[in-house]
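Listed below are the residues making up each chain.
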Amino acid sequence: MSQKVRVRFAPSPTGPLHIGGVRTALYNFLFAKKHNGVFCLRIEDTDQARYVEGAEDYIKETLAWLGLEPDEGPGYGGEFGPYRQSERKEIYQKYAGELLKRGKAYYAFDTQEELDARRKMEAERGNHTFKYDAYSRKEMKNSLTLSDEEVGKRIAAGEPYVIRLLVPENDTVTFEDLVRGQVTFETSELDDKVLIKADGMPTYHMANIIDDHLMEISHVIRGEEWLPSTGHHVLLYKAFGWADSIPHFAHLPLILKPNGKGKLSKRDGAKFGIPVFPLEWNGNNELDHFPGFREYGFLPEAVINFLAFLGWNPGTDEELFTLEQLCEVFSLDKIHKGGARFDFEKARWYNHQYIQQTDDGELASLIRPMLKAHGLNPSRDFLVKVCGLLKERCHLLSDFWENGAWFFEEVKEYDLENVKKRWNTELKGHFDKLIAELDSMQSFDAPGLESKVKAFINENGLKMGQVLPLLRIALAGTMKGPGVFETMEVFGKSETLARIKKAVALFGGITDQ
RNA sequence: GGCCCGUUCGUCUAGGGGUUAGGACAUCACUCUUUCAAGGUGAAGACACGGGUUCGAUUCCCGUACGGGCUACCA
C-alpha cells in the first residue's frame, strides 16, 4: 500500500455506542495499526434533533476501556480538525456552493410536508414509491424548474430550502468493495439526495465525503447498512472532482440478533438477557438505562477478542488473540460477507479464557468494587488467594460473587438436602475428634491438611464420602466449589474451625427433627 | 414493491473443481476427581434448492427460495 493509511471511526452521538459500532471501531483500529496508519475519531453530530448529551464522552470512555485510543480526534489532537462535524458547518457550506457553481447540485424549496403528501399520494396509487429523481424533479419546486430570478427572490425572502445532489441520468456507478468485490448501481435508481438541510447542516452523505476527503482518509471501513448509499458517495466524489482520490471501501457484515432475525438492536439487550453495549448507559429517564459488557463482568480483552472474531478470522485454528496480536494478523480480505449472529455463550467462553490468564492479584483488584458494594472489605492477601481458587470456574467477573460469596461472609444457606442424606449422630463424635486434631496442627496448609484428614478417615474406618462432602458443606454451605483442603488453607485455622463447629451443631439439630 | 448484499454442522467459521468437508462454542458420553468446574478422550452434527459448465461440483455460471440491509431535510 503506497498510500498512507488513514482510517476513521465516525459514530453519531445519539446514545450509547452499539456493540456493532464497537466492532467497526476495532476493525478500523486494527487496520490502521497493521499498516502503520492513523486511526481518527470523528463525531458526526449533524442531526441536532437526535443529539444526546454525554454520548461523545461515552464513546471516548469505551475506546479507552478497550484500548482503542484514537490517534486523532476531538480531544486527541491532529492536524485535520475540527473533528466534530457541528464545528465544520462553514466548510460544508463552502463546498455546497462549489457544487452549485459546478451545476452538480441545486436548490429545492419543496417542504417536508409537501414531500410527505406526495409520497402518500404515490403510495395510494400503488405505484412505485416516490423518489426525488431525474423524472420527478422536473415537477418540483427547485432551481431547475424555477427561474433564476424566482430562486433569488425566494432565498432573499428567507424561504427555507435544501440543496440536493443532481444525480446524472442513465449512468452506471461502480466501485470495488474490499470485502464484497465489485458493486454496481444504475443512477436511474438513485434519488437526488439532500446535501444541505433546511437548517443549514449537511446530511451524512455530504459531510462524510467532504471530511473523508479533507482528512485524507484512505479506507472507509463501515457497516453494511452504508452499502446502498455508496453509489451516491462515489457520485459526490466525482462531482467535486475528486475522482482520483476516492477512498477504498470495505463494508462490514452486520451483527445479527441471537435468533438471526434482523440486526442486533438496543432493545435486544433486555429481550435476550445479553449486553448490547460496551459500558453502562444512564439516560434521562428510567427506561433509558442499560448495563454494558463491563457491568456484566467482561474483561476488555475478551470483548476485543470476541468481537474481532464476529465476522472475521485469521485463517488458522487459533482463536485467542490479544489486541497486539490482532494488529499483526488482521486483514480485510478475511472478513466474512454474511451477517454474524451474536453468540453470548461464545462471548462467555472468551471471557472465561481471559479470566484464567489474568493473574490473581489483578483479579482481586477487579473484584473488590463488587465486594465493597456488598459492604465487604476482605484483606488483600485473602482476596488474592480466593481469586486463585475460584477463577477456573468463573465465566464472568460477577461469578466470583455468585460462586464464592461464602468466602467473604458467613454461610447464608446450607445444602440441607445433602446434609440429611449424609449426616448421622454417629458422625458427631468423629467430627468433634477431627476438630480437635485440626486444632492441634502447627501449620495449616493444603497438603498437610489433606494427609491429616485422610489419615483420620483411615484410622477411624470411615470413607472419604462420609467426611469430605460434609466438611465442604460446613465451610461453604454448598457441594460446589474448590478443593476442601485448599479452601481450609485459605480460611486459616480459626475461621475453618469456627465454621465446622457451627455447622456440626446445626447438622445435629437438623437430623434430630 | 424496488435496489443492493448475502447463504458450509444449532452458533461462529476454515476450505475450495476430485477432501474421511477441518476447527471453536454449545450438546452428549467417557475419563480425572471428595463436589462443582477446569483438563483429557470421544460422539453426534453442515455445503439451501434446481438447472447448467465439466470426466467430476459443496467449490464456477444462471435461476429459485430464504435471510438481511437500504429505500428521510437519521446516521
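Residues numbered from 1 in each chain as written. Chains lettered and ligands numbered in written order. Predicted model: local features only at pLDDT ≥ 70, side-chain atom pairs only at ≥ 80, totals over all residues. Heavy atoms only, no water.

This brings us to helix 14 (residues 380-390). Within helix 14, burial applies to Phe382, Leu383, Val386, Cys387, Leu389 and Leu390. Angular distribution of buried residues about the axis of helix 14 spans 160 degrees; they occupy a single face of the element. (Buried < 20%, exposed > 50% of the residue type's maximum accessible area, 1.4 Å probe, protein only. Helix = DSSP H or I, 4+ residues; strand = E, 2+ residues; numbered from the N terminus. Arc of directions from axis to C-beta.)

The next thing to look at is the protein's contact with RNA strand B. In the vicinity of RNA strand B lie 61 residues, with Lys197, Glu319, Glu392, Arg393 and Met479 positioned nearest. Among all atoms of RNA strand B positioned within 4 Å of the protein, those belonging to sugar or phosphate total 72%. Contacts to RNA strand B include Asp110, whose backbone N or O atom sits 2.9 Å from a base nitrogen. Within the side chain of Arg164, an N or O atom sits 3.5 Å from a phosphate oxygen of RNA strand B. Where the surface near RNA strand B is concerned, the elements lending two or more residues are helix 4 (112-125), strand 4 (162-165), strand 6 (181-186), strand 13 (340-341), helix 12 (344-357), helix 19 (464-476) and helix 20 (484-512). (Near = heavy atom within 4 Å. Polar contact = N/O pair within 3.5 Å; in protein donor to acceptor, adjacent residues only side chain to side chain.)

Looking now at unusual backbone geometry. A negative phi holds for most residues other than glycine; trans holds for most peptide bonds. For the bond running from Gly81 to Pro82, omega is -5 degrees, close enough to zero to count as cis. Tracing the sequence through the fold places Pro82 in the loop between helix 2 (55-66) and helix 3 (89-101). Of note, Asn36 is a non-glycine position whose phi angle comes to about 50 degrees, a positive value. Locating Asn36 in the fold gives a position in the loop between helix 1 (19-34) and strand 2 (38-41). For Asn36, a relative accessible area of 63% translates into the label exposed. In this model, Glu216 sits at a positive phi of 55 degrees, which is unusual for a non-glycine residue. Relative to the helices and strands, Glu216 is located in the loop between helix 6 (204-214) and strand 8 (219-223).

Geometric descriptors of this kind do not, in isolation, establish any biological role.
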